[in-house]
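Descriptive structure summary
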Amino acid sequence: MRPSYFVSTPIYYVNGAPHIGHAYTSIAADVLARWKRLDGYDVFFLTGTDEHGQKVEKAAAEAGLDPQRFADRVSADFRAMAARMAISHDQFIRTTEPRHKASCTALWQRLAAAGHIYLGAYEGWYAVRDESFYDEGELTTRADGSKVAPTGAPVEWVREPSYFFRLSAFQDRLLAFYEAEPDFIAPEGRRREVVSFVRGGLRDLSISRTSFRWGIPVPGDPAHVMYVWLDALTNYITGCGFPDPEAPLWRFWPADIHLIGKDILRFHAVYWPAFLMGAGVALPRRVSSNGWWTVEGEKMSKSLGNVIDPLKLIETYGLDQVRFFLMREKPFGADGSISHAAVVLRVNVELANDLGNLSQRSLSLIARNCDGRLPPRGDITADDATLLDAAASLPGLLRERIDRQVFNEALEEAWKVIRAANVYIDRQAPWALRKTDPVRMAAVLRVLADVLRAVATVLQPFMPGSMAAMLDQLGVPEDARDFAALGAPLPAGTTLPAPSGVFPRIVEPTA
Ligand code: MSP
């Protein structure tokens, strides 16, 4: 039986249009899902939309729509964005679905039955934008006297009856869990932050609201709706069929990885495991958090008008170019900046020159000099062996980096081989061998075809469309594109289609 692998994205709030931050986590999750499928895993990839809560209710009111109609519309935009970005999720979950309501109700009932929930009253600060409670000490006071959360979100004073989850009782169990599972939180720096936050002591968490209606009713007390984060986090088990232990997808729980943004780490690394511990459900294996994108060095914000629409980006540069840039430009866990100049540089240097030219040069030499057929392997020289060995080690090298979510380093490993292949083709100069030693010329071109095949195979998760085109041009059948298939060389004589460029250069208009 194939091992299973469950990867999730955050579910996105439907208060506004998808932006590059959403696209980023979805693309990273897609790279993981595609990688694991090619590596022999039975994959479950879950994404979707987070539709309840005050923030969505407010956005719907501003749009003059009832919250459900509004959520339907924005959720459809997120679904369309996923399709446009070639996100290969297996399921798109919406928190307004009846099955999710049933799942949250069951989780609440389990927590209540185990004595982890009590009724009290919440009095304190709340930021609707973050859907988060804050302590006085976390806030800063602005010049005009208003208070803001550490995220910059405005806060309001809330006072209402509320159910509480006994989070304070989970401090020791959580600390023991982080200690026993050092890989649970990534990157390492964030893990230390979480551990010290929990060491500092945990307060019980308000998990219901009474001042608005847009949420899942609390079982037995419909004057309350569940706190949107309890509702949202539960999506990950709803997707697997919770609370039915016989559900076919339950075999995927616990999740292998939740990919999230650094701003929502506390919810995933503290509250979520505590809820699951309380309910007696297995804990996810890893929560890996990504840094934030800024635009030309500035924070993205509606007021600055610099929010990047992923669809426009794709229109301008091409889908695989954007996927590549986002995964290549910065370490997953770190912050980074998007700028037009940086995208052009990556596309022109790494895609058009390094990879595009290598494949175009090699394949057109084969087309012209080998009758458009894959040449046979010849005697392997030391130079050939070095390059072939480097190519053969790619799946292992990338796997190790992808399992740590350092996607930029995974790509660097592939580029080391691509750059070495460019040096090799210049040194071997197969074009010059055509007259002097055609057998050696064929052998060199075959080495290049094999190296390109390995490179294109491991890059499929990052750039699915263009790498499929490259593998077509290399004559690799569709059922021989996974990592295991790399062990079996293609038969010499395979007819190759006419080569055509995969990555055009971006030509800037001259001023
Ligand atoms: N609904 C919650 C998640 C619930 S998961 C159980 C939520 N939604 S969100 O739509 O506001 O944000 C989704 C993701 O987008 C977060 O992981 C957040 O970090 C990410 N990003 C939002 N802006 C971003 C950037 N500028 N750059 C990178 N990612 C950012 O939070």
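Summarised in this report is the structure supplied together with it. All of these numbers come straight from a predicted model, not from anything done at the bench. (Residues numbered from 1 in each chain as written. Predicted model: local features only at pLDDT ≥ 70, side-chain atom pairs only at ≥ 80, totals over all residues. Heavy atoms only, no water.)

1. Regarding the sheet that holds strand 5 (residues 132–134)
Selection rule: A pair of strands counts as paired when DSSP detects no fewer than two bridges linking them. Numbered from the N terminus, helices here are DSSP runs of H or I no shorter than four residues, and strands are runs of E no shorter than two.
Strands sit in the order 5-4-8-10 across an open sheet of four strands; the sheet is antiparallel. Each edge of the open sheet carries a strand with a single partner, namely strand 5 and strand 10 (205–206). Examined bridge by bridge, strand 4 (residues 117–127) and strand 5 share three bridges and lie antiparallel to one another. Opposite Y126, over in strand 5, you have F133 as the bridge partner.

2. Remarks on the site of the ligand
Defined as follows: Note on definitions. A residue lies near a molecule or strand when any single heavy atom of the residue is within 4 Å of it. We call two N or O atoms a polar contact when they sit within 3.5 Å, provided that within protein one can donate a hydrogen and the other can accept it, with sequence-adjacent residues counted only if both atoms are side-chain atoms. Only the protein chains shown count as covering a residue, and every accessible area follows the Shrake-Rupley method with a 1.4 Å probe.
Every one of the 23 residues lining the ligand counts as a neighbour, but I11, D50, G261, D263 and W293 are closest to it. Y13 is positioned with one of its backbone polar atoms (N or O) 3.2 Å from an oxygen atom of the ligand. Interatomic distance of 3.1 Å between a side-chain N/O atom of H22 and an oxygen atom of the ligand. Alone, the ligand offers 660 Å² of accessible surface; in the complex the protein occludes 94% of this.

3. Looking at the side chain of S362
Here is the rule: Two residues qualify as a contact provided that any one of their heavy atoms is within 4.5 Å of a heavy atom in the partner residue.
As for its position among the elements, S362 is in helix 12 (residues 340–369). Those residues in contact with S362 that sit more than four places away from it in its chain are I425, L445, L448 and L452.

4. So, the nonpolar core
Selection rule: Think of a nonpolar core as a cluster: buried Ala, Val, Leu, Ile, Met, Phe, Trp, Tyr and Cys residues, connected wherever their side-chain atoms sit within 4.5 Å. Buried, partly exposed and exposed residues are distinguished by accessible area as a fraction of the type maximum, computed with a 1.4 Å probe on protein chains only: under 20%, between the cut-offs, and over 50%, respectively.
Ranked by internal contacts, the top residues of the largest apolar core, which has 106 residues, are L326, M327, L355, W415, L459, F462 and M463. Among the elements that line this core, the one with the most residues is helix 17 (residues 438–459), at 13 residues. Excluding residues that lie within four positions of it along the chain, L355 makes contacts with E350, W415, I418, L452, V455, L459, M463, M467, M470 and F503. In this structure, Y178, L202, V218 and W272 belong to the second largest nonpolar core, which totals 65 residues.

5. With respect to the pattern of salt bridges
Heads up, the rule is: Salt bridge, as applied in this entry: a Lys or Arg side-chain nitrogen positioned within 4 Å of an Asp or Glu carboxyl oxygen.
One pass over the structure, following the stated rule, counts 37 salt bridges. Notably, a salt bridge pairs R2 with D42, separated by 3.7 Å at the nearest N-O pair. With a gap of 40 residues between them, R2 in the segment before strand 1 (4–13) and D42 in strand 2 (residues 42–50) connect regions that are remote in the sequence. For D42, the salt bridge identified is with R251, shortest N-O distance 3.0 Å.

6. As for the packing of aromatic side chains
Let me state the cut-off plainly: When two rings of Phe, Tyr or Trp (its six-membered ring) have centres within 6.5 Å they constitute a pair, described as stacked for plane angles under 30 degrees, edge-to-face for angles over 60, and tilted for the intermediate range. Working rule: Lys NZ or Arg CZ, within 6 Å of ring centre, within 35 degrees of ring normal, means a charge sits over the ring.
Counting across every chain of the model gives 28 aromatic pairs. With a centroid separation of 6.1 Å and 50° between ring planes, the pair formed by F177 and Y178 is classed as tilted. Classification of Y178 by relative accessible area gives buried; the value is 2%. Relative to W250, the ring of F242 lies with its centre 6.0 Å away and its plane at 40°, an arrangement referred to as tilted. Residue W250 is classed as partly exposed on the basis of its relative accessible area, which comes to 21%. In textbook terms, an aromatic cluster arises when at least three aromatic residues are bridged by ring pairs, as seen for F6, F44, Y236, F242, W250, F252, W253 and W272. Seen from the ring of Y41, K36 lies directly overhead, with NZ or CZ sitting 4.7 Å from the centre. Here the basic side chain of R266 rests over the ring of F197, its NZ or CZ set 3.7 Å away from the ring centre.

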